[in-house]
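Examining the three-dimensional arrangement
The primary structure of each chain is shown beneath.
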Amino acid sequence: ITINGGNASINGNDIWNGNLSLNNGNLSIEKDKVTSATSTYKQTGGILDLASSLTLNEGSSITGDSIVKLTNAALALNNKATITADNNSTLSVGNNTTLDLIAGNISDNAVLEVLGSLNISGDTTNVTIGNNDNWSGNVSIASGNLILNTDKITSASSTYNQTGGKLSIYSDLVLNNG
């Protein structure tokens, strides 16, 4: 299925076992979806509004002028699935939401909002948090690269946990104790 405009919804009554592409328009996924091992999702534009749990399989990607809104959701990437957020991209990790990023890049030009949890665990993953971003939630890094290019002070409820990977700080950022 390819969505090139308009509004589409996947809910508890729908079965998703094939390939789904969002190029323009709005896609809402409202109930937990267990996709088959061969299901793929490719987004090059438009808005994905995820209010459930979803695992993206190998061959899946989110790139281009895409907007991804996670609300009470969990988005995980298997194997070689990637998120590449740059220029006009927006990635919003809402409250009670987790994004497990094991592949891809989130550049300084993208807008990143972390109110829930962002877990970075891919060796080739690069995430930049810049001045246009909002970090009020939890960020952890097990492998990959986290680049802090912001002088914003994280909120009192923000947490940072690093067990591996690389942290680069290019500003006078203050990390709260916790």
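Residues numbered from 1 in each chain as written. Predicted model: local features only at pLDDT ≥ 70, side-chain atom pairs only at ≥ 80, totals over all residues. Heavy atoms only, no water.

This part is about unusual backbone geometry. Of note in this structure, asparagine 72 is not a glycine but carries a positive phi near 50°. One can find asparagine 72 in the loop between strand S9 (67-70) and strand S10 (74-77). You will see that asparagine 96, though not glycine, has its phi angle at about 55°, which is positive. By the secondary structure assignment, asparagine 96 is in the loop between strand S12 (90-93) and strand S13 (98-101). (Helix = DSSP H or I, 4+ residues; strand = E, 2+ residues; numbered from the N terminus.)

This part takes up the layout of surface pockets. Quantified by volume, the largest pocket comes out at close to 180 Å³. In terms of residues, the lining of the largest pocket owes the most to one element, strand S2 (residues 7-10), which gives 3 residues. Looking at the lining of the largest pocket, its residues break down into 8 nonpolar, 4 polar and 1 charged. (1 Å grid on protein atoms, 1.4 Å probe; cavity = no way out; pocket = protein on both sides within 12 Å on 5 of 7 lines; lining within 4 Å. Points joined across faces, edges and corners; volume = space filled by probe spheres on them. Nonpolar A, V, L, I, M, F, W, Y, C, P; charged D, E, K, R; others polar.)

Turning our attention to empty space enclosed by the protein. Across all of its chains, the model carries 1 cavity of 30 Å³ or more by this definition. Taken as a whole, the largest cavity holds about 40 Å³ of empty space. Along its surface, the largest cavity is lined by Ile62, Ser66, Val68, Ile83, Thr84, Ala85, Ser89, Thr90 and Leu91. Looking at the lining of the largest cavity, the elements with two or more residues in it are strand S11 (82-85) and S12. When its residues are assigned to classes, the lining of the largest cavity shows 5 nonpolar, 4 polar and no charged.

Moving on to the sheet that holds S2. Overall, parallel pairing links the 7 strands, which are arranged S2-S4-S6-S9-S12-S15-S18 in an open sheet. Bordering the open sheet on either side are S2 and strand S18 (134-135), each of which pairs with just one other strand. The pairing of S12 with strand S15 (residues 111-114) spans 4 bridges and is parallel. Within S15, the position partnered with serine 92 by the bridge is glutamate 113. (Pairing = 2+ DSSP bridges.)

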